[in-house]
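Inside the fold
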Amino acid sequence: MANVMETEEQARNRFQSELEFVQCLANPNYLNFLAQRGYLREKPFVNYLKYLLYWKDPEYAKYLKYPQSLHMLELLQYEHFRKELVNAQCAKFIDEQQLLHWQHYSRKRTRLQQALAEQQQHSNAAAK
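Quantities reported herein were computed from a predicted structural model and do not represent experimental measurements. Residue positions within a chain follow its written sequence, with the count starting from 1. Residues qualify for local features only when their pLDDT is at least 70, as the model is predicted, and side-chain atom pairs are given and counted only at 80 or more; totals for whole chains, interfaces and linings, by contrast, use all residues. With hydrogens and water stripped out, all remaining heavy atoms of the structure feed into the side-chain values.

Points about the confidence of the model for the protein
Each residue carries a pLDDT score, the predictor's confidence in it, ranging from 0 to 100. The pLDDT averaged across the protein works out to 88; a share of 94% of its residues lies at or above 70. The least confident element of the protein, judged by mean pLDDT, is helix α7 (residues 88-127) at 76; the most confident is helix α3 (residues 43-51) at 98. Numbering goes from the N terminus for both helices and strands, where a helix is a DSSP run of H or I of at least four residues and a strand is a run of E of at least two.

In structure tokens, the structure reads:
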């Protein structure tokens with residue numbers, strides 16, 4: 001079989017498709033869907049997940065909107081994790097943990113921004 005070079009358009013389409021798929025991995029309900037339908041037991045699919053690890057490289061990771069997708073991609077490399085995802089309670093637990101993490105991060109970020117704003121106000125008042 002001859003090696004056929006990928007055109008620029010094909011490469012762009014593959015990049016977009018893989019980007020979208022990797023970001024879908026951040027959704028525990030989607031992972032549960034894949035597990036319940038047997039995709040996570042299929043060797044070609046597991047190999048594809050291994051191939052997608054290149055998204056951890058900062059050159060590619062910078063395009064991700066959902067960084068937790070990389071953590072899920074890493075966990076999907078483990079058979080035990082893939083088997084557990086069949087259980088809807090597992091997906092629900094992951095979903096709840098992601099929400100709690102996001103809430104904590106949001107509150108912490110708001111406090112940091114408020115502290116910075118107060119610090120700038122004090123600096124401006126002292127400079128006058």
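Once you've had a look at it, read on.
Comments concerning the environment of Asp 95
Relative to the assigned elements, Asp 95 resides in helix α7. Taking relative accessible area as the criterion, Asp 95 reaches 36% and is therefore assigned partly exposed. With residues near it in sequence (within four places) discarded, Asp 95 still touches Pro 28 and Asn 29. Under the scheme applied here, a residue whose accessible area is under 20% of the maximum for its type counts as buried, over 50% as exposed, and between as partly exposed, the area being computed with a 1.4 Å probe on protein chains only. Residue contacts follow a heavy-atom distance rule, with two residues in contact if any of their heavy atoms lie within 4.5 Å.

Description of the packing of helix α1 (residues 8-24) against α3
Angles here are taken between N-to-C directions and fall from 0 to 180 degrees, while the axes themselves are lines fitted to C-alpha atoms, restricted in helices to the stretch in contact. Their axes nearest at 12 Å, the elements α1 and α3 cross at an angle of 100°. Between α1 and α3, the interaxial angle falls into the category roughly perpendicular. Where α1 approaches α3, its residues Arg 14, Glu 18 and Phe 21 are matched on the opposing element by Phe 45, Tyr 48, Leu 49 and Tyr 51. Tallied by class, residues from the contact of α1 with α3 come to five nonpolar, no polar and two charged. Orientation is classified from the angle alone, with under 35 degrees giving roughly parallel, over 145 giving roughly antiparallel, 65 to 115 giving roughly perpendicular, and any other angle giving oblique. Any residue outside Ala, Val, Leu, Ile, Met, Phe, Trp, Tyr, Cys, Pro, Asp, Glu, Lys and Arg is labelled polar, Gly included; the first ten of those are nonpolar and the last four are charged.

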